[in-house]
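Structural features, examined
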Amino acid sequence: MNMEEKIARAICKADGINPEWAGSVDPDCTYDAWENYIPHARAALSSLKNPTDDMIDSVYGKNDVLRERDIVERDFKIMIQAAEEGK
């Protein structure tokens, strides 16, 4: 299960819907309810692309060493991009 699916399932559950239920009332439905939440999951992932200063500070504390902050921000963006690619 990739991160996009994990997030979609979590949002589905938060809406009070069993992610394993059919995604439609159509008796011939071939997808699960959580799949209706993929656009929501993509939006959530996209919003994480740019970490806040507080998120970065949580790694090093309030440190003015710009190089370290740049590394944290770069690595964070790489991880979010990988999640968006289904990794």
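Rules and cut-offs
Residues numbered from 1 in each chain as written. Predicted model: local features only at pLDDT ≥ 70, side-chain atom pairs only at ≥ 80, totals over all residues. Heavy atoms only, no water. Buried < 20%, exposed > 50% of the residue type's maximum accessible area, 1.4 Å probe, protein only. Helix = DSSP H or I, 4+ residues; strand = E, 2+ residues; numbered from the N terminus. Arc of directions from axis to C-beta. Salt bridge = Lys/Arg side-chain N within 4 Å of Asp/Glu carboxyl O.

Topic: helix α2 (residues 38-47)
Think of an α-helix as 3.6 residues a turn; residues three or four steps apart then line up on the same face. Where α2 is concerned, the buried positions are Ile 38, Ala 41 and Leu 45. In an axial view of α2, the angular spread of the buried residues amounts to 60 degrees, which keeps them on one side of the axis. Exposed positions of α2 whose direction lies more than 90 degrees from the buried face are Pro 39 and Ser 47.

Here we look at the pattern of salt bridges
A full pass over the atoms with the stated rule returns seven salt bridges. When the shortest N-O distance is used, the salt bridge between Lys 77 and Glu 73 registers 3.6 Å. One end of the pair is Lys 77 and the other is Glu 73, both in helix α4 (residues 66-84) and four residues apart, which spans about a single turn. Judged by relative accessible area, which is 24%, Glu 73 ranks as partly exposed. The network of salt bridges with common partners includes Glu 5, Arg 9 and Glu 20.

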